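Okay, here's what each chain looks like letter by letter:
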Amino acid sequence: MASQLSLFSEYIPAVAKFPSTRYQGSKQKFADWIWNCVKDIPFHSALDAFGGTGCISFRLKEEGKQVTYNDILPFNQIIGKALIENTNVILTEYEIDALLRRNENFAYPDFIERTFKDIYFTDEENRWLDIVSTNIRHIKNPYKQAIAYFALFQACIIKRPYNLFHRRNLYVRLQEVERSFGNKKTWDTPFEVHFRKFVEEANNAIFDNGERCRSLNCNVFDLKPTFDFVYIDTPYLNDNGVGVDYADFYHFLNGLVDYDNWNTHIDYTSKHLRLFRRPNVWNNPGTIHQAFEQLFSQFSNATMAVSYRSNGIPSVDELVLMLEKLGKCVKIYQSDTIKYVLSTKVSNEVLIVAR
């Protein structure tokens, strides 16, 4: 094992770099700004409660914090395992090559090719997904497997119009028309090329900060309040009461990580074959206020930093009042005006820091 780790260390970059991401609502471009807002606060253990891409966990890891990444979506937890929990394991070129070809010892199912025809990817691409996802499931090392899944997720996202799985819209890629959005060259680039690129990006993000970092897949309300600092970036509910349903946007990726049971979770009445929806307190105007109050009370002994938007439900003022009722001293930071993809709303990114 010692010699194996030594081999890995030859590939670990001197300076780790967070991978590129096309995840809806990613805070990657705000990561340095967020850190600058909290850097003078003393803390050691940090929870990224709604981890998403992992970019804030990664930034905290860079600063030597003991980071716990958490996300309720299984595919996101795997991303956290690859980039945050992982300290020294990478995928080698030999291993990448093996993942991208058929193994005569494996039986390859064709679930994706049969089920998702003409929905997200071409027949050839669906066959490729069946093969490579099967190969990934045979990887024994959990960190190598997580890196491979990360690359597979990113390859799937980058080949999708809007980088989402919210519509049955393969035709958008295939039509020979003038386009005002997207990148047909990227869409038409083979999966293998994207996969290799994203493995390299993941390998270049691996580092050990000397602390035991973890990646969890939990409902946030089930976590114990044992952290010095909690970063909160809940799903967003705008002032019209319309929320961001990440489970619906990325259901295909959750299906990939539960391939053998995927068929039992699909809502076959939906045109784009999403997974069955589950109640989500963060997407419901009737429950979101109580959810925030419960969350703030749960972590009331920690410093909390809440990423938010200026036109959200609840309002910034309402969130501040909730925190002040818990005896917190609250400070608000505000970014420049921004506009998110698929949104007609213009708002400001807000960071609410409660100590």
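So what exactly am I meant to see when it comes to the environment of Asn163 here?
By the secondary structure assignment, Asn163 is in the loop between helix 8 (142–158) and helix 9 (170–174). Measuring from C-alpha to C-alpha, the distance between Asn163 and Arg22 comes to 6.6 Å, with 141 residues separating the pair along the chain. The contact partners of Asn163, leaving out residues within four places of it in the chain, are Arg22, Ile157, Ile158 and Tyr250. Within the structure, the side chain of Asn163 is placed 3.1 Å from the backbone oxygen of Ile157, a separation counted as a polar contact.

Sorry, what's going on with the layout of surface pockets here?
Rolled over the atoms, a probe sized like a water molecule indicates the empty space that remains. Estimates place the volume of the largest pocket at around 1,200 Å³. For the lining of the largest pocket, the secondary-structure elements that each account for two or more residues are helix 3 (55–62), helix 4 (74–85), helix 12 (246–249), helix 13 (251–257) and helix 14 (262–265). A total of four residues in the lining of the largest pocket trace back to one element, the largest contributor, which is helix 13. Across the lining of the largest pocket, the residue classes break down as 23 nonpolar, 17 polar and ten charged.

Could you clarify how one ought to interpret the side chain of Asn76 in this entry?
Mapped onto the elements, Asn76 comes out in helix 4. A relative accessible area of 0% means that Asn76 is categorised as buried. Polar contacts involving the side chain of Asn76 include one to the side chain of Asp71, which spans 3.3 Å.

I would appreciate a short explanation of the nonpolar core in the present structure.
Soluble, globular proteins show a tendency: their nonpolar side chains are buried together. With 79 residues, the main nonpolar core has Phe116, Phe195, Tyr250, Phe252 and Leu253 as its most contacted residues. If one sorts the elements of this core by residue count, helix 8 sits on top with twelve residues. Residues contacting Leu253, with those up to four places away along its chain left out, are Phe75, Phe153, Cys156, Ile157 and Phe165. One finds Val220, Ile232, Val330 and Val350 within the second-largest nonpolar core, a separate group that totals 31 residues.

In this structure, what is going on with empty space enclosed by the protein? I would like to understand it.
Summed over all chains, the structure comprises three cavities of 30 Å³ or more. Residue lining of the largest cavity: Gly25, Lys27, Asp233, Thr234, Pro235, Tyr236, Tyr246, Ser307, Tyr308, Arg309 and Glu349, and that is the complete set. By residue number, the principal contributor to the lining of the largest cavity is strand 5 (residues 303–309), which donates three residues. Broken down by class, the residue content of the lining of the largest cavity amounts to four nonpolar, three polar and four charged. One number sums up the size of the second largest cavity: a volume of about 60 Å³. Mapped by element, the contributors of at least two residues to the lining of the second largest cavity are helix 4 and helix 8. Considering every element that reaches the lining of the second largest cavity, the biggest residue donor is helix 8, with three residues. For the lining of the second largest cavity, the residue count by class is seven nonpolar, four polar and no charged.

Parameters at a glance
- Residues numbered from 1 in each chain as written.
- Predicted model: local features only at pLDDT ≥ 70, side-chain atom pairs only at ≥ 80, totals over all residues.
- Heavy atoms only, no water.
- Helix = DSSP H or I, 4+ residues; strand = E, 2+ residues; numbered from the N terminus.
- Contact = heavy atoms within 4.5 Å.
- Polar contact = N/O pair within 3.5 Å; in protein donor to acceptor, adjacent residues only side chain to side chain.
- 1 Å grid on protein atoms, 1.4 Å probe; cavity = no way out; pocket = protein on both sides within 12 Å on 5 of 7 lines; lining within 4 Å.
- Points joined across faces, edges and corners; volume = space filled by probe spheres on them.
- Nonpolar A, V, L, I, M, F, W, Y, C, P; charged D, E, K, R; others polar.
- Buried < 20%, exposed > 50% of the residue type's maximum accessible area, 1.4 Å probe, protein only.
- Core = buried A, V, L, I, M, F, W, Y, C linked by side-chain atoms within 4.5 Å.

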